[in-house]
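Listed below are the residues making up each chain.
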Amino acid sequence: MPPRVPVPAADSAPLPAAALSTGAVARRLGVSPTTLRSWERRYAIGPDRREDGRHRRWTPADIARLELMCRLTAQGVPPSAAARAALDAAPGGSGAARAATVTPGGSTALPLGEVRAECRGLARAAVRLDAQAVERLLDTALAELGLVVAWEEVIAPTLHAVGRKWASAGERYVEVEHLLSWHVSGALRSRRPAPRRYEAPPVLLACAPDEQHSLPIEALTAALGERGLPTLMFGPALPAGALREAVRRTGPRAAVLWSQSAATADRALARAVAGIEWGPHGARGHSALLLAGPGWGAGTTGPRTERLFGLRSGLAVIERLVTGAPDPRGRGAAPAAPGACGS
């Protein structure tokens, strides 16, 4: 007698291949899994199906409702009203969401373009001023993607989008930029450096005098630490005299000077730092000066000076200097093209 083939019940159709877990949806939207479960409990905006009757599995239609709810709450709509609007906008709904989306101030979406889902989640959390979600999403991105990829593909694009939104909206969104910047800085500083791989003088890193934007050079410091390279970080707006004295006292293998804008790019100071010699008479040494940031432009550099473009290529240049490895570009090669992020 042939074995019986089980016949699936009428209500046990397979889930769509794109159905996601609650954790995956939370990362995509920039909210915590607890928040999603709370919304499901309070507002009945959960997934239509559950896997094996227990585990939530969110389909594209479920996620679209949640995305609408996130947009509405970011605009100031109360969660209960946002949930009703999102449910009404679903197939078979009343369409009342259209009226609910018209709120004072217009759209709060950040101009991100084509980016990773983690970037959109981080942006949504920042706009909502959800500090816990921002911190969690940053930690997850750094742990899962690594510092360089997380910076280039998640953190930097979000920071740039917030800056563009702030520039186009007057004084609005300053609070978003400050919240995001604070948590990015904390996440970068929390990265534990690896044991030193080289017994070499440190790499000195600082922002130019009057330059307050330090996150890109903080990312560079953290990435160097992860590679076991010795660093000495002085942070934003280091006065010119203090910078010169720090170079003389520490004799760094390289000094990285960050400038975000042309107004803070002091070329006379750069020439002075590049000309500093340190050490006892008869054994004088000097440091390589690495100019980083868009403030320096793409022009030619002076003696003992090199231009850094982007986090990834900057790491390669510094590691070559610390280890004494030959330049793979060869003598006289042109510098790398500016990177999109962190340059």
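Residues numbered from 1 in each chain as written. Predicted model: local features only at pLDDT ≥ 70, side-chain atom pairs only at ≥ 80, totals over all residues. Heavy atoms only, no water.

A look at empty space enclosed by the protein
A water-sized probe, rolled over the atoms, reveals where empty space remains. A complete count under the given rule lists three cavities of 30 Å³ or more for this structure. Lining the second largest cavity we find R27, E118, L137, T140, A141, E144 and L145. Among the elements that take part in the lining of the second largest cavity, helix α7 (residues 131-145) stands out by supplying five residues, more than any other. Considering only residue class, the lining of the second largest cavity consists of three nonpolar, one polar and three charged. (1 Å grid on protein atoms, 1.4 Å probe; cavity = no way out; pocket = protein on both sides within 12 Å on 5 of 7 lines; lining within 4 Å. Points joined across faces, edges and corners; volume = space filled by probe spheres on them. Helix = DSSP H or I, 4+ residues; strand = E, 2+ residues; numbered from the N terminus. Nonpolar A, V, L, I, M, F, W, Y, C, P; charged D, E, K, R; others polar.)

Regarding the sheet that holds strand β9 (residues 305-308)
Taken in spatial order, the five strands of this open sheet run β4-β3-β5-β8-β9, and their pairing is parallel. Each edge of the open sheet is held by one strand with a lone partner, namely β4 (231-233) and β9. Geometrically, the sheet is characterised by an average inter-axis angle of 20° between neighbouring strands, direction not taken into account. Inspection of the sheet shows strand β5 (residues 254-258) paired to strand β8 (residues 288-292) by five bridges, in the parallel sense. Across the sheet, residue W258 finds its bridge partner in β8, namely A292. Across the sheet, helix α11 (residues 240-250) lies against β3 (203-207), β4 and β5, angled at about 175° from β3, the strand it touches most. (Pairing = 2+ DSSP bridges. Axes fitted to C-alpha atoms, helices over the stretch in contact; angles between N-to-C directions. Contact = heavy atoms within 4.5 Å.)

A word on α11
The set of residues buried in α11 consists of L243, A246 and V247. Looking straight down α11, one finds its buried side chains confined to an arc of 100°; they lie on one side. Residues of α11 that are buried in the fold lie against β3, β5, α12 (267-274) and β6 (277-278). In the segment just after α11, G251 is the residue with positive phi, at about 50°. (Buried < 20%, exposed > 50% of the residue type's maximum accessible area, 1.4 Å probe, protein only. Arc of directions from axis to C-beta.)

A word on the layout of surface pockets
The calculated volume of the largest pocket comes to roughly 570 Å³. Taken together, 21 residues make up the lining of the largest pocket; nearest its centre are L159, E177, S181, H213 and L215. Of all the secondary-structure elements, those providing two or more residues to the lining of the largest pocket are α8 (147-168), α9 (174-189) and α10 (215-226). A breakdown of the residues in the lining of the largest pocket according to their chemical character gives eight nonpolar, ten polar and three charged.

Comments concerning the confidence of the model for the chain
Low-pLDDT stretches of the model should not have their predicted coordinates read in fine detail. Across the chain, the average pLDDT comes to 80, with 77% of residues at or above 70. In this model residues 1-17 is a low-confidence stretch, pLDDT under 50, and it forms seven contacts with partners more than four residues away in sequence or in other chains. Below pLDDT 50 for its whole length, residues 331-343 participates in 27 contacts with residues either more than four positions away or in separate chains. (pLDDT = per-residue confidence, 0-100.)

A look at the nonpolar core
Note on soluble globular proteins: their nonpolar side chains tend to be buried together. Counting residues in each nonpolar core, the largest one holds 50 residues, and the members touching the most others are W151, V256 and I318. Counting residues per element, this core draws most heavily on α8, at nine residues. When sequence neighbours within four positions are dropped, the list of residues in contact with I318 reads V203, L220, L224, V256, L290 and L308. (Core = buried A, V, L, I, M, F, W, Y, C linked by side-chain atoms within 4.5 Å.)

Re unusual backbone geometry
Phi at L129 is positive, roughly 60°, even though this residue is not glycine. Here L129 shows up in the loop between α6 (117-127) and α7.

Considering the pattern of salt bridges
Summed over all chains, the structure comprises twelve salt bridges. Note that R116 and E153 form a salt bridge whose closest N and O atoms lie 2.8 Å from each other. Taken together, the residues R116 in the loop between α5 (97-100) and α6 and E153 in helix α8 connect sequence positions 37 residues apart. Notably, a salt bridge pairs E277 with R304, separated by 3.4 Å at the nearest N-O pair. With a gap of 27 residues between them, E277 in strand β6 and R304 in the loop between β8 and β9 connect regions that are remote in the sequence. Here R304 falls in the partly exposed class, since its relative accessible area comes to 33%. Overlapping salt bridges bring together R28, E67 and R124 as one network. (Salt bridge = Lys/Arg side-chain N within 4 Å of Asp/Glu carboxyl O.)

Some remarks on the environment of W182
Inspection of the secondary structure assignment puts W182 in helix α9. Accessibility expressed as a relative area gives 61% for W182, which makes it exposed. Sequence separation of W182 and A131 is 51 residues, and the distance between their C-alpha atoms is 9.8 Å.

A look at helix α13 (residues 311-323)
If you check α13, its first and last C-alpha atoms are 18 Å apart, about what 13 residues at 1.5 Å a residue would give, namely 18 Å. Those residues of α13 that sit buried are L311, G314, L315, V317, I318, R320, L321 and V322. Looking one or two residues past α13, G324 carries a phi angle of roughly 80°, positive in sign. (Expected span 1.5 Å × (residues − 1).)

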